[in-house]
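Chain and residue survey
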Amino acid sequence: MAVTPQVLYADLPDASQTHITFQDSTWAKTHGLTRSLPSPGEVRALFPGLGLHSFQKVAKFEELDLVVKFGDRVHVSEAICLRTVKRLFSSQVPVPEVYGWRVEGHHVYLYMQLIRGPTLLERWPTMDYQDKQSVCSHLHFILQALRSIKQDPSREFIGQFLGGPSKDRILEFKPSPEPAWTSVASFHNWLSWLWRRHAPEPNEIADPWRQLLDDNSPVVLTHGDLHRSNIIVSATSPVQVVAIIDWEQSGWYPDYWEYCKTVYTVGDWEEWFSAGWISSILTPQPSAEEAFEFYRGAIGR
């Protein structure tokens, strides 16, 4: 019988640490005695004139096969999510290896494996039908594996990977409970309240979209930004998925959220959507999508 992968928060790295290099990482094994990870100062030196509010930047150290994602909007939660996925699935769910992190004030520096290759967005126009089918089949397999991960039963919630306010761009900076929603129903009730909250009597306003959201939806690990620019593929045919990158918005969300967010990243005239490729990767949920689109528009996203 297959073992269901599960996240146990007691086994995760300590997110409160400001300086971590994972000694079991490829970096430590290869460079541990000869080269430290570049300091935050060395990283910032690649961006002359960079101000205090960097938001998010990516520094590449090509000769070291290293990339550093840093800034005000970068969070340790992303690194721990990536490390967890890598640990649970190895190459089955291809993601960059995390080497460590540094925290200086409000800036977080995530040190990761540099993944080389074109994005699916870049390759898509020149791919033939067979390659498109192969890549989408592979992505379906990857997403099924990712969504099989179970939350720690001692701490179930909806929100970013480690808990706390959601980093999903649709929901970020909106008034929300702390540290996270504790049930699917509470999350759906919040979405319903969010667009009505400025009315004098919000509870008097009917919300026909609320009934379209299933409170029994499973909560699954979600990437949250499956834009084709975040999918690295091989440069030659047959085209293979090399890695899924940019896990900034990842977390635990109802199972329809990944599909709705993926559709949100593409125009409905684009073949990626209109020819049904997204639907071959993730199962459409029309009712949830209708509610999602209304709430997204109503809250100004």
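As shown above, the structure is provided for reference.
A short tour of the structure in this document, coming up. (Residues numbered from 1 in each chain as written. Predicted model: local features only at pLDDT ≥ 70, side-chain atom pairs only at ≥ 80, totals over all residues. Heavy atoms only, no water.)

Quick word on the layout of surface pockets
Considering only enclosed or pocket space, the largest pocket measures out at about 400 Å³ in volume. Around the largest pocket, the lining comprises 19 residues; the ones closest to its centre are V58, K60, V67, L114 and I245. At the level of elements, β2 (57–61), β3 (66–71), α3 (76–89) and β5 (107–113) are the ones that each hand at least two residues to the lining of the largest pocket. Of the residues belonging to the lining of the largest pocket, the class tally is 10 nonpolar, three polar and six charged. As a volume, the second largest pocket reaches approximately 240 Å³. If you trace the second largest pocket, you find 14 residues lining it, with Q151, E156, P218, V219 and V220 closest to the centre. (1 Å grid on protein atoms, 1.4 Å probe; cavity = no way out; pocket = protein on both sides within 12 Å on 5 of 7 lines; lining within 4 Å. Points joined across faces, edges and corners; volume = space filled by probe spheres on them. Helix = DSSP H or I, 4+ residues; strand = E, 2+ residues; numbered from the N terminus. Nonpolar A, V, L, I, M, F, W, Y, C, P; charged D, E, K, R; others polar.)

Re the sheet that holds strand β10 (residues 251–254)
In spatial order, the strands read β6-β10-β7; together these three strands make up an open sheet with antiparallel pairing. Each edge of the sheet is formed by a strand with only one pairing partner; in this case those strands are β6 (159–160) and β7 (219–222). Both β7 and β10 contribute to a ladder of four bridges, which runs antiparallel. Directly across from V219, in β10, lies its bridge partner P254. (Pairing = 2+ DSSP bridges.)

Digging into the environment of L114
With respect to the secondary-structure elements, L114 resides in the loop between β5 and α4 (120–123). On the accessibility criterion, L114 (10% relative accessible area) is buried. L114 has contacts with K60, E62, D65, L66 and V67, leaving out every residue within four places of it along the chain. (Buried < 20%, exposed > 50% of the residue type's maximum accessible area, 1.4 Å probe, protein only. Contact = heavy atoms within 4.5 Å.)

Examining the packing of aromatic side chains
Considering all chains together, one arrives at 21 aromatic pairs under this definition. Centroid distance Y9 to F161: 6.4 Å. Interplanar angle 50 degrees. Geometry classified as tilted. Of the two residues, Y9 sits in the segment before β1 (19–21) while F161 sits in the loop between β6 and α6 (184–194), which places them 152 residues apart along the sequence. Residues Y9 and F161 agree in their burial class; the two are buried. Between W181 and W190, the aromatic rings sit 4.8 Å apart at their centres with planes inclined by 50 degrees, giving tilted as the arrangement. The two residues W181 and W190 agree in class, both being buried. Among the aromatic residues, those joined into a ring-pair cluster are W181, F187, W190, Y253, Y256, W257 and F292. Seen from the ring of F22, R83 lies directly overhead, with NZ or CZ sitting 3.9 Å from the centre. In this arrangement the basic side chain of R102 is found over the ring face of Y111, its NZ or CZ atom lying 5.3 Å from the centre. (Phe/Tyr/Trp six-rings, centres within 6.5 Å; stacked < 30°, edge-to-face > 60°. Lys NZ or Arg CZ within 6 Å of the ring centre and 35° of its normal.)

Remarks on the sheet that holds β1
Overall, antiparallel pairing links the five strands, which are arranged β1-β4-β5-β3-β2 in an open sheet. Only two strands of the sheet have a single partner each, and these edge strands are β1 and β2. Along the sheet, successive strands turn relative to each other by an average axial angle of 15 degrees, direction set aside. Two elements, β3 and β5, share six bridges in a ladder whose sense is antiparallel. Following the sheet pairing, F70 is matched in β5 by Y109. The strands touched by α3 are β3, β4 (98–104) and β5; relative to β4, the strand with the most contacts, the crossing angle is about 165 degrees. (Axes fitted to C-alpha atoms, helices over the stretch in contact; angles between N-to-C directions.)

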